[in-house]
Amino acid sequence: MPVDTKAATDRLMRFLAVEGVTGQEAAIGRELTAALKEAGVPAKAIRLDDANTRIPVPTETGNLIVDLPGRGALHNQPRIMFMTHMDTVPLCAGAKPKKSGRRIVNEAKTALGGDNRCGCGVLVTLAAELEKQKLDHPPITLLFCVREESGLYGARHVKLDALGSPVMAFNYDGGSASNVVIGAVGADRWTVEIFGRASHAGVAPERGISSTMIMALALADVQAGGWFGKVVKGKGASARMGTSNVGPVTGGEGRPAGDATNVVTDYVHVRGECRSHDGKFFKEITKAYKAAFEKAAKKVTNAQGKSGKVKFKAETDYYPFRMKDSQPVIKRAVEAVSAVGGTPNVRTANGGLDANWMVRHGIPTVTFGAGQNEAHTVDEWINLDEYDRACALALHVATMR
């Protein structure tokens with residue numbers, strides 16, 4: 001079952017040329033729809049869902065869903081799903097893809113968008129090859145998710161009855177086609193608003209309550225307690241591990257904190273995240289941040305004895321998972337990787353995946369790579385040998401007996 005690699009690469013170059021940063025997927029959705037129709041998929045089999053109406057941040061369009069009816073000897077087998085995400089990180093805006101030997105590189109000083117135009121190329125190539133070669137296969141759902149890069153929102157808010165009840169799923173995201181990712185971390189995303197009191201920093205600083213100082217004391221406390229960056233509590237086999245990060249720090253309406261230096265800062269807004277493979281431990285890391293900010297707010301007082309205040313909010317972005325090795329989806333994935341000449345690398349990921357929500361929804365999901373390298377950086381590039389292997393792998397997985 002050879003794959004037309006030239007056509008697959010041409011599709012990838014076509015998709016890379018379409019801008020579609022997270023939340024702005026309408027254009028790439030149209031391009032994918034056109035490519036699917038050109039590959040022989042009937043228009044009635046292609047649709048957009050209404051997940052964007054449930055996503056709490058502006059999102060142009062819903063998830064793209066494609067139904068491929070079963071064919072031949074496998075037509076009545078249980079449905080399986082192939083999925084990817086069609087958004088890129090904002091750093092990809094303005095990318096100019098260029099082939100360079102067996103690589104695709106970027107002529108612009110931006111990220112390239114292989115994460116995840118590669119996944120889009122794999123799924124459309126799968127549909128094209130199944131139709132072109134008239135191969136036997138079970139009923140298949142193709143799912144192209146929106147807003148993966150900004151919170152896995154598309155996968156989170158998809159309606160399960162729109163997917164046709166697949167018994168397993170194969171997600172395409174970053175890295176090598178030989179990667180068989182069977183687990184991933186969970187994460188909290190948190191924000192804290194710090195309320196101080198403004199006063200003239202030169203005339204009456206003692207009347208002010210510095211929200212900047214509250215932030216500084218809180219973060220120093222977090223650092224001293226070992227809760228920032230790589231977090232390890234305990235030793236040996238019982239050690240609990242995770243990570244945390246403090247993101248953007250701004251003032252009112254997104255301005256830098258302390259917009260004027262002669263005013264004691266009365267407001268700071270901070271965002272951050274906490275992750276772990278342990279579903280309880282990332283919550284514990286978040287709790288440490290909350291306690292540090294509340295403690296710091298009480299410490300910073302003015303001459304009248306009044307202290308600052310904080311408003312801390314945390315939300316779980318996605319939950320950790322680790323599937324058992326005996327799961328049929330893992331066995332199928334490992335067998336398929338070997339069949340296309342790869343060495344299966346069964347592993348877990350330290351980043352969130354759409355698979356986190358699929359598993360949470362009750363659909364066992366393995367994630368493969370598709371040749372993406374240095375994603376989310378201006379050094380991003382695509383390995384076309386790995387991309388070709390990912391296309392062949394999808395076709396093999398779809399037609400296994």
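Residues numbered from 1 in each chain as written. Predicted model: local features only at pLDDT ≥ 70, side-chain atom pairs only at ≥ 80, totals over all residues. Heavy atoms only, no water.

Per an unreviewed UniProt entry, the recorded name for the protein chain is Peptidase, and the organism is Bradyrhizobium nitroreducens.

Caption draft 1: Molecular detail of the nonpolar core. Among the nonpolar cores identified, the biggest contains 68 residues, and Leu36, Phe82, Leu142, Phe144, Tyr172, Val366 and Phe368 are the most heavily contacted of them. Looking at this core element by element, the count peaks at nine residues for helix α9 (residues 384–399). Judged by nonpolar contacts, the second largest core, of 24 residues, contains Trp227, Val246, Phe293 and Val300. (Core = buried A, V, L, I, M, F, W, Y, C linked by side-chain atoms within 4.5 Å. Buried < 20%, exposed > 50% of the residue type's maximum accessible area, 1.4 Å probe, protein only. Helix = DSSP H or I, 4+ residues; strand = E, 2+ residues; numbered from the N terminus.)

Caption draft 2: Representation of the packing of helix α5 (residues 211–224) against helix α6 (residues 281–299). Following both chains from N to C, one finds α5 and α6 inclined at 135°, their axes separated by 8 Å at the closest point. The pairing of α5 with α6 is recorded here as oblique in orientation. In this structure, the crossing between α5 and α6 has a hand that is right-handed. Each of Ile214, Met215, Leu217, Ala218, Leu219, Asp221 and Val222 in α5 lies in contact with α6, whose residues at this interface are Ala288, Tyr289, Ala292, Phe293, Lys295, Ala296, Ala297 and Lys299. For the contact of α5 with α6, the per-class residue count stands at 12 nonpolar, no polar and three charged. (Axes fitted to C-alpha atoms, helices over the stretch in contact; angles between N-to-C directions. Parallel < 35°, antiparallel > 145°, perpendicular 65-115°, else oblique. Left-handed = near helix turned anticlockwise from the far one by under 90°. Contact = heavy atoms within 4.5 Å. Nonpolar A, V, L, I, M, F, W, Y, C, P; charged D, E, K, R; others polar.)

Caption draft 3: How the structure looks around α5. The terminal C-alpha atoms of α5 lie 20 Å apart, and with 14 residues this matches the ideal 20 Å at 1.5 Å per residue to within 8%. When we look at burial in α5, the residues that qualify are Ser211, Ile214, Met215, Ala218 and Val222. The arc that holds the buried residues of α5, viewed along the axis, is 100°, so those residues lie on one side. Looking at the buried residues of α5, the elements they touch are β9 (186–195), β11 (240–250), β12 (267–276), α6 and β13 (309–318). (Expected span 1.5 Å × (residues − 1). Arc of directions from axis to C-beta.)

Caption draft 4: Broad picture of the domain arrangement of the protein chain. Domain assignment breaks the protein chain into domain 1 (5–185 + 320–399) and domain 2 (186–318). One C-alpha centre belongs to domain 1, the other to domain 2; they are set 37 Å apart. Counting residues at the interface gives 14 residues for domain 1 and 13 residues for domain 2. Our count for the domain 1 to domain 2 interface comes out at one salt bridge. Residues glutamate 315 and arginine 156 are paired through a salt bridge, measuring 3.8 Å at the closest nitrogen-oxygen approach. (Domains from an automatic or database assignment. Salt bridge = Lys/Arg side-chain N within 4 Å of Asp/Glu carboxyl O.)

Caption draft 5: Fine view of the UniProt feature "active site" (unreviewed entry) in the protein chain. The UniProt feature table records "active site" (unreviewed entry) at Glu148. As for its placement among the helices and strands, glutamate 148 is situated in the loop between β6 (140–145) and α4 (153–157). Overall, the relative accessible area of 6% leaves glutamate 148 in the buried class. Glutamate 148 has contacts with Thr22, His85, Asp87, Asp173, Gly352, Leu353 and Asp354, leaving out every residue within four places of it along the chain. (UniProt positions renumbered as here; feature names shortened; annotations may be inferred.)

Caption draft 6: Examining the pattern of salt bridges more closely. Under the defined criterion, the tally for this structure stands at 23 salt bridges. Ionic pairing is found between aspartate 259 and arginine 255, a salt bridge with its closest N-O pair at 3.4 Å. Take arginine 255: its relative accessible area is 40%, and that puts it in the partly exposed class. Between arginine 275 and glutamate 273 there is a salt bridge, with the nearest N and O atoms lying 2.8 Å from each other. Residue glutamate 273 is classed as partly exposed on the basis of its relative accessible area, which comes to 25%. Through salt bridges with shared partners, one network takes in Arg14, Glu31 and Glu38.

Caption draft 7: Structural view of the packing of helix α1 (residues 5–16) against α9. Between α1 and α9, the shortest axis-to-axis distance is 10 Å and the interhelical angle comes to 110°. The angle between the axes of α1 and α9 places the two elements in the roughly perpendicular class. On α9, the residues that touch Thr5, Ala8, Thr9 and Leu12 of α1 are Leu384, Tyr387, Asp388 and Cys391.

Caption draft 8: Representation of the sheet that holds strand β17 (residues 372–373) within the structure. With respect to topology, four strands assemble into an open sheet ordered β4-β5-β18-β17, the strand pairing being antiparallel. A strand with exactly one partner marks an edge of an open sheet, and here the two such strands are β4 (97–100) and β17. The pairing of β17 with strand β18 (residues 381–383) spans two bridges and is classified as antiparallel. Within β18, the residue paired with asparagine 373 across the bridge is tryptophan 381. The sheet strands contacting α9 are β4, β5 (103–106) and β18, and the helix crosses β18 at an angle near 55°. (Pairing = 2+ DSSP bridges.)

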